[in-house]
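One letter stands for each residue in the lines below.
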Amino acid sequence: MNSLLLRLAVSAFAIAIFAGPATAQSTPPVRVGSKIDTEGSLLGNMIIEVLQANGIKTENKVQLGTTKIVRGAITAGEIDIYPEYTGNGAFFFADDKNPAWKNAKAGYERVKALDFEKNRIVWLEPAPANNTWAIAVRKDVATAHQLKSLADLGKWVSSGGRFKLAASAEFVERSDALPAFQAAYGFKLSQDQILTLAGGDTAVTIKAAAEGTSGVNGAMAYGTDGALAALGLVIMDDPKGIQPIYAPAPIVRADVLNRYPKIKDTLAPVFASLDTPTLQTLNAKIAIEGQDAKQVAATYLRAKGFIK
């Protein structure tokens, strides 16, 4: 009898040991990443807050790095979800000549199809905003030289205007960023006219221009930056429409979405609420007022009734 009980106890113990890890492995946390900039942190924290409010455990990998780093992480399976921009599909898939990227709906549908086919990555519903790359100039410089567009800026720089740009290495090097602006508007910045700053946070480049750091009077900026007006900078219009439309959207690995299908429906109304003015306001709270991105995200989500 004692021998039988002992064998049963040992068997139960063995089953418990075996079942424990299996159960833990069946429900791993969703690893949420984001880019290193202000808006990346804001949107990444929103995703975390919403998922956790809906009973989905998360692992915080927000502000992981530049586009290249975060993109590499999701395609390698090192993170599961992060906010990306539709226009980057032109860069990811070497498809920059396709006119679809200049149209919000067409660009979204194209990157959605390409990424699922090649990487099993699902693009969820995007926000009705355009966080396109731009060049901003100090307002005093723009006013003094009547600079309203990139065409104006190109002519001024080419004629010897004293211009120095603060930008990330990604903006300087990527063919669809500064090189595209220079080719379209007929100007070329020398190494001495560029201050390359680490990371991709426009809060840093805008601040450098506002403060005149190392002679900087222009900055890489995004369409949804909230700090521009407050720091006395103006975005140069892009009359040729060089940049694609960059609508932010959560992108998630297909196997993770299959495991947690409610990710799609819980994030859809959140991103639908994020138009350009809303993102500018929220970004300004972080970049100008110094508020914590996690707190800004949570406060907004509660105010809108997305979380309790």
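Residues numbered from 1 in each chain as written. Predicted model: local features only at pLDDT ≥ 70, side-chain atom pairs only at ≥ 80, totals over all residues. Heavy atoms only, no water.

## Focus on the side chain of S168
Then, number 1: Here S168 lies in strand β6 (residues 165–168).
Then, number 2: Among residues more than four places away in sequence, those in contact with S168 are T196, L197, G199, G200, T205 and M220. (Helix = DSSP H or I, 4+ residues; strand = E, 2+ residues; numbered from the N terminus. Contact = heavy atoms within 4.5 Å.)

## A short note on the packing of aromatic side chains
Then, number 1: All chains considered together, the criterion is met by five aromatic pairs.
Then, number 2: With a centroid separation of 6.2 Å and an interplanar angle of 50 degrees, the aromatic rings of F91 and F92 are classed as tilted.
Then, number 3: Look at F91 and you get partly exposed, because its relative accessible area is 38%.
Then, number 4: Between the NZ or CZ atom of R71 and the centre of the ring of F92, over which it lies, the distance is 4.2 Å. (Phe/Tyr/Trp six-rings, centres within 6.5 Å; stacked < 30°, edge-to-face > 60°. Buried < 20%, exposed > 50% of the residue type's maximum accessible area, 1.4 Å probe, protein only. Lys NZ or Arg CZ within 6 Å of the ring centre and 35° of its normal.)

## Examining the packing of helix α13 (residues 276–287) against helix α14 (residues 293–303)
Then, number 1: Between α13 and α14, the least distance of the axes is 9 Å, while the angle of their chain directions is 140 degrees. As judged from the angle between their axes, α13 and α14 are oblique. The handedness of the crossing between α13 and α14 is right-handed. Residues T278, L282, K285 and I286 of α13 pack against A293, V296 and Y300 of α14. (Axes fitted to C-alpha atoms, helices over the stretch in contact; angles between N-to-C directions. Parallel < 35°, antiparallel > 145°, perpendicular 65-115°, else oblique. Left-handed = near helix turned anticlockwise from the far one by under 90°.)

## A word on empty space enclosed by the protein
Then, number 1: For the structure shown, the criterion picks out two cavities of 30 Å³ or more.
Then, number 2: If you go around the largest cavity, you meet 18 residues; those closest to its centre are K35, D37, T67, W133 and Y222.
Then, number 3: Split into classes, the residues belonging to the lining of the largest cavity amount to six nonpolar, eight polar and four charged.
Then, number 4: Roughly 80 Å³ of volume is contained in the second largest cavity. (1 Å grid on protein atoms, 1.4 Å probe; cavity = no way out; pocket = protein on both sides within 12 Å on 5 of 7 lines; lining within 4 Å. Points joined across faces, edges and corners; volume = space filled by probe spheres on them. Nonpolar A, V, L, I, M, F, W, Y, C, P; charged D, E, K, R; others polar.)

## Description of α14
Then, number 1: Listed as buried for α14 are A293, V296, A297, A298, Y300 and L301.
Then, number 2: At the N-terminal end of α14, a side-chain oxygen is found 3.2 Å from the backbone nitrogen of K294, two or three residues along, and the residue is D292.
Then, number 3: Once α14 finishes, G305 follows within two positions and takes phi at roughly 80 degrees, a positive value. (Polar contact = N/O pair within 3.5 Å; in protein donor to acceptor, adjacent residues only side chain to side chain.)

## Comments concerning the pattern of salt bridges
Then, number 1: For the structure shown, the criterion picks out twelve salt bridges.
Then, number 2: In this structure, D80 and R31 form a salt bridge, with 2.8 Å as the shortest nitrogen-oxygen distance. Within this pair, whereas D80 is found in the loop between α3 (67–75) and β3 (81–85), its partner R31 is found in strand β1 (residues 30–35), the two being separated by 49 residues in sequence.
Then, number 3: With its nearest N and O atoms 2.6 Å apart, the salt bridge here joins R110 to D95. (Salt bridge = Lys/Arg side-chain N within 4 Å of Asp/Glu carboxyl O.)

## A closer look at the confidence of the model for the chain
Then, number 1: Overall, the prediction assigns the chain a mean pLDDT of 91, with 92% of residues at 70 or greater.
Then, number 2: A low-confidence stretch, residues 8–24 (pLDDT under 50), is modelled with zero contacts involving residues beyond four sequence positions or located in other chains. (pLDDT = per-residue confidence, 0-100.)

## Structural notes on unusual backbone geometry
Phi is mostly negative for residues that are not glycine, and the peptide bonds are mostly trans.
Then, number 1: Positioned with a positive phi, Q63 is a non-glycine residue whose angle comes to about 60 degrees.
Then, number 2: A relative accessible area of 38% places Q63 in the partly exposed class.
Then, number 3: Although it is not a glycine, S214 sits at a positive phi angle of roughly 50 degrees.
Then, number 4: Tracing the backbone shows S214 in the loop between α10 (202–211) and β8 (218–222).

## Focus: the packing of helix α2 (residues 38–53) against α13
Then, number 1: For the pair α2 and α13, interaxial distance at closest approach is 9 Å and the crossing angle is 105 degrees. One way to sum up the angle between α2 and α13 is to call them roughly perpendicular. Residues T38, E39, L42, L43 and M46 of α2 touch α13, and the partners they reach there are L279, L282, N283, I286 and A287.
Then, number 2: A breakdown of the residues in the contact of α2 with α13 according to their chemical character gives seven nonpolar, two polar and one charged.

## Some words on helix α9 (residues 178–185)
Then, number 1: Of all eight residues in α9, six are buried; the element is thus mostly enclosed.
Then, number 2: For α9, the complete set of buried residues consists of L178, A180, F181, Q182, A184 and Y185.
Then, number 3: Note on α9: the residue one or two positions beyond its end, G186, has a positive phi of about 65 degrees.

## Examining the environment of V137
Then, number 1: Tracing the backbone through its elements, the reader meets V137 in strand β5 (residues 133–138).
Then, number 2: In this structure V137 comes out as buried when scored by relative accessible area, which is 0%.
Then, number 3: As for V137 and I206, which are separated by 69 residues in sequence, their C-alpha atoms are 9.1 Å apart.
Then, number 4: Contacts of V137, omitting those with residues within four sequence positions, involve A142, L147, L153, F163, N217, G218, G232, L233, V234 and M236.

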